[in-house]
Amino acid sequence: GAVVSQHPSWVICKSGTSVKIECRSLDFQATTMFWYRQFPKQSLMLMATSNEGSKATYEQGVEKDKFLINHASLTLSTLTVTSAHPEDSSFYICSAKRGPVGETQYFGPGTRLLVL
Amino acid sequence: RKEVEQDPGPFNVPEGATVAFNCTYSNSASQSFFWYRQDCRKEPKLLMSVYSSGNEDGRFTAQLNRASQYISLLIRDSKLSDSATYLCVVTSSGTYKYIFGTGTRLKVLA
């Protein structure tokens, strides 16, 4: 099966700092990657869709200047939470989709962010 | 109304029991349907895709009813290891976006 990795798996930071999360597809090329956020006891909420070589598409209510997404290659997308605040503490999960054919998304293991 | 709705549970069932979950969706143009499993503090993992003809994978059977806009998941002979949250996922026509339900929590008891 397809493998997606995320790094770091968890991070604790002070309020006001920026945090960068990497998402990699290890054994396939991902033209599209997705970033989700999950708060406790809630479902995954799509934050943005990231296409290789183009600007990310953000969902309504997600600040693009706060959550910077870069998808510079077919195997790597990064999410940077800028000037993180305690309310940004959450479980961030990326997923990747193989090429244009097929719709199954493969999820990374997630990154737990705690902002103090 | 939420786009994808599930009963959050929890469903507490004894080992060996048969349990069924339903999920309703509001967008009739929805194109693809999946069941994912999520363990506590882990990422979702694909359990199975759901087709109109129904599909079965071992103890798991998934069904899609387009007319009534719901999908179901049946688990037979429940195991302790089946304890998890089961997420219903729907995609819309023309997009690859996943819309997740809130999940149904299952706890299989010894």
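Residues numbered from 1 in each chain as written. Chains lettered and ligands numbered in written order. Predicted model: local features only at pLDDT ≥ 70, side-chain atom pairs only at ≥ 80, totals over all residues. Heavy atoms only, no water.

> How would you explain the overall build of chain A if you had to name every residue and give the values?
Looking only at helices and strands, chain A features zero helices and eleven strands. Ordered by position from N to C terminus, the α and β elements of chain A give β-β-β-β-β-β-β-β-β-β-β. Compactness check: chain A gives a C-alpha radius of gyration of 13 Å against a globular reference of 13 Å for 116 residues, within 12% of the reference. Overall, chain A is about 40 × 25 × 25 Å in size when its C-alpha atoms are taken along their principal axes. Counting the 116 residues in chain A, one finds 51% classified as buried. When the accessible surface of chain A is summed, it comes to about 5700 Å², and 55% of that surface belongs to carbon and sulfur atoms. Of note, chain A has its 11 positive side-chain charges centred 4 Å away from the centre of its 9 negative side-chain charges. (Helix = DSSP H or I, 4+ residues; strand = E, 2+ residues; numbered from the N terminus. Rg over C-alpha atoms; globule rule 2.2 N^0.38 Å. Buried < 20%, exposed > 50% of the residue type's maximum accessible area, 1.4 Å probe, protein only. Areas by Shrake-Rupley, 256 points an atom, 1.4 Å probe, with all protein chains shown as cover. Lys, Arg positive; Asp, Glu negative; His and termini not counted. Charge placed at Lys NZ, Arg CZ, Asp CG, Glu CD.)

> How would you sum up the side chain of Gln69 of chain B? Please name residues and give values.
Its place among the elements puts Gln69 of chain B in the loop between strand E7 (60-65) and strand E8 (70-75). Beyond its immediate sequence surroundings of up to four residues, Gln69 of chain B is in contact with Cys23, Thr24, Tyr25, Ser26, Asn27 and Ser28 of chain B. (Contact = heavy atoms within 4.5 Å.)

> Outline the state of the cysteines, listing residues and values.
The full count for this structure, using the stated rule, is two disulfides over all chains. The disulfide partner of Cys23 of chain A is Cys94 of chain A, and the S-S distance across this bridge is 2.0 Å. Classification of the bridge connecting Cys23 of chain A and Cys94 of chain A rests on its S-S torsion, roughly 80°, and on that basis the disulfide is right-handed. With Cys23 of chain A in strand E3 (residues 19-25) and Cys94 of chain A in strand E9 (residues 90-98), this residue pair connects regions lying 71 residues apart in the sequence. Put simply, Cys23 of chain B and Cys88 of chain B are joined by a disulfide, and their sulfur atoms are 1.9 Å apart. Measuring the twist about the S-S bond at about -70°, one finds the Cys23 of chain B-Cys88 of chain B disulfide to be left-handed. (Disulfide = S-S within 2.5 Å.)

> Just give me the short version of the nonpolar core, but keep the residues and values in it.
The nonpolar side chains of soluble globular proteins are, as a tendency, buried together. Counting residues in each nonpolar core, the largest one holds 25 residues, and the members touching the most others are Trp35, Phe67, Leu79, Tyr92 and Leu113 of chain A. At the level of secondary structure, the elements contributing two or more residues to this core comprise strand E2 (10-13), E3, strand E4 (30-38), strand E5 (45-51), strand E7 (67-73), strand E8 (76-81), E9 and strand E11 (111-115) of chain A. The contact partners of Leu79 of chain A, leaving out residues within four places of it in the chain, are Val19, Lys20, Ile21, Trp35, Phe67, Leu68, Ile69 and Tyr92 of chain A. Membership of the second largest hydrophobic core comes to 24 residues, among which are Ala17, Ile71, Val90 and Leu106 of chain B. (Core = buried A, V, L, I, M, F, W, Y, C linked by side-chain atoms within 4.5 Å.)

> Just give me the short version of the sheet that holds strand E1 (residues 4-7) of chain A, but keep the residues and values in it.
Residues and elements named next belong to chain A. Pairing within the open sheet is antiparallel, and its four strands lie in the order E1-E3-E8-E7. Pairing within the sheet leaves two strands with one partner each, and these edge strands are E1 and E7. Looking at each pair of strands side by side, their axes are set apart by 15° on average, direction ignored. Direction of pairing for E7 relative to E8: antiparallel, over a ladder of five bridges. Within E8, the position partnered with Leu68 by the bridge is Thr80. (Pairing = 2+ DSSP bridges. Axes fitted to C-alpha atoms, helices over the stretch in contact; angles between N-to-C directions.)

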